[in-house]
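So the chains spell out like this:
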Amino acid sequence: MKEIICITCPKGCHLKVDEETFAVTGNSCPRGAVYGANELRNPVRVVTSTVVVKTSPDKGRGTGEAGGGVAPRRLPVKTDRPIPKGKMFEVMDEIARLRVQPPVKVGDILIPNVAGTDGNLVATKSLP
Ligand code: SF4
């Protein structure tokens, strides 16, 4: 029996999941049963992070890398659906390598099928 906390809502029910049958107890609603079983079968997460924004040298931020001592601007991003937990480091590697050029609109796909998953990396904020 595996014990996990349901993160589907703020209540945080303590679930017990049978590792052979995937039967769940301790859930206060049906979503907890789905979460508990999936967490053992194929755990998934939405990845949130930020990426470096390219800026022109005339704005005093260099290329957005070192930027002459000025911290680069960053754009908040996330996957548009939960991706397998086992792919999270690959996703973070792709995010670390990405440089975005404004303008960007919220919801723009920055990396389709990030790390070979069926999720896309999207902007969660617009940059003019
Ligand atoms: S089992 Fe239901 S009520 Fe409990 S934390 Fe999960 S979603 Fe929330």
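Structure shown above.
Predicted model only: the values in this text are computed from it and were never measured.

Rules and cut-offs
- Numbers given to residues run from 1 along each chain, matching the order in which its sequence is written.
- Only residues with pLDDT of at least 70 are given local features in this predicted model, and only at 80 or more are side-chain atom pairs given and counted; all residues enter the totals for whole chains, interfaces and linings.
- In computing side-chain properties, one takes all heavy atoms of the structure into account and sets aside hydrogens as well as water.
- Every helix listed is a DSSP run of H or I at least four residues long, and every strand listed is a run of E at least two residues long, numbered separately from the N terminus.
- Using a 1.4 Å probe on the protein chains alone, a residue whose accessible area is under 20% of its type maximum counts as buried, one over 50% counts as exposed, and one in between counts as partly exposed.
- A pair of strands counts as paired when DSSP detects no fewer than two bridges linking them.
- For this purpose, a residue is taken to be near a molecule or strand whenever a single non-hydrogen atom of the residue falls within 4 Å of it.
- By the convention adopted, Pro, Cys, Tyr, Trp, Phe, Met, Ile, Leu, Val and Ala count as nonpolar, Lys, Arg, Asp and Glu as charged, and the other residues, Gly among them, as polar.
- Contact criterion: two residues are considered in contact whenever any of their non-hydrogen atoms come within 4.5 Å of each other.
- Fitting a line to C-alpha atoms yields each axis, with helices limited to the stretch in contact; the angle taken between N-to-C directions then spans 0 to 180 degrees.
- Here a helix's expected span is defined as the number of its residues, less one, multiplied by 1.5 Å.
- Only one rule defines a salt bridge in this text: a Lys or Arg side-chain nitrogen within 4 Å of an Asp or Glu carboxyl oxygen.

Our focus in this paragraph is unusual backbone geometry. Across the junction of Pro102 and Pro103, the peptide omega takes the value 5°, indicating a cis bond. Mapped onto the fold, Pro103 is located in the loop between strand E8 (99-100) and strand E9 (109-111). With a phi close to 60°, Phe22 is a non-glycine residue in the positive phi region. As for its position among the elements, Phe22 is in the loop between strand E2 (14-17) and strand E3 (24-25). Classification of Phe22 as partly exposed rests on a relative accessible area of 24%.

Where strand E5 (residues 48-53) meets strand E6 (residues 74-79), five bridges bridge the pair, whose relative direction is antiparallel. Within the sheet, the bridge partner assigned to Val52 lies in E6 and is Arg74. As paired elements, E5 and E8 share two bridges and run parallel to each other. Paired with Val53 across the two strands is Val100, which belongs to E8.

Near the ligand the following residues occur: Cys6, Thr8, Cys9, Lys11, Gly12, Cys13, Asn27, Ser28, Cys29, Arg31 and Gly32. Residues belonging to the shell around the ligand are distributed by class as follows: four nonpolar, five polar and two charged.

Here five strands make up an open sheet; going across it, the order is E8-E5-E6-E10-E9 and the pairing mixed. The open sheet has two edge strands with one neighbour each: E8 and E9. Its contacts with the sheet place helix H2 (residues 88-97) against E5, E6, E8, E9 and strand E10 (121-123), and it is angled at close to 25° to E5.

Now for helix H1 (residues 30-41). If you check H1, its first and last C-alpha atoms are 17 Å apart, about what 12 residues at 1.5 Å a residue would give, namely 16 Å. Those residues of H1 that fall on the buried side of the exposure criterion are Gly32, Tyr35, Gly36, Ala37 and Glu39. Buried residues along H1 sit in contact with strand E1 (2-5), E2, E3 and strand E4 (44-45).

With that out of the way, let us pick up the sheet that holds E2. Read across the open sheet, the three strands follow the order E1-E2-E3; overall the sheet is antiparallel. One side of each edge strand has no neighbouring strand; the edge strands of this open sheet are E1 and E3. Of the strand pairs in this sheet, E2 and E3 are connected by two bridges, and their pairing is antiparallel. By the bridge assignment, Lys16 is partnered in E3 with Thr25.

In this section: the pairing of E2. Residues Leu15 and Val17 point to one face of E2 and are all buried, whereas His14 and Lys16, pointing to the other face, are not buried. Note that E1 and E2 share four bridges and pair antiparallel. What sits directly across from Ile4, in E2, is Leu15. Taking the residues between adjacent antiparallel strands as the criterion, E2 and E3 are bridged by six residues, where Phe22 takes a positive phi near 60°.

Under the criterion given, the structure shown has four salt bridges. Measuring nitrogen to oxygen at the nearest pair gives 2.8 Å for the salt bridge that ties Glu39 to Arg45. A salt bridge links Glu90 to Lys87; the nearest nitrogen and oxygen atoms lie 3.5 Å apart. By relative accessible area, which is 39% here, Glu90 ends up partly exposed. Salt bridges sharing common partners tie together Glu39, Arg45 and Lys85.

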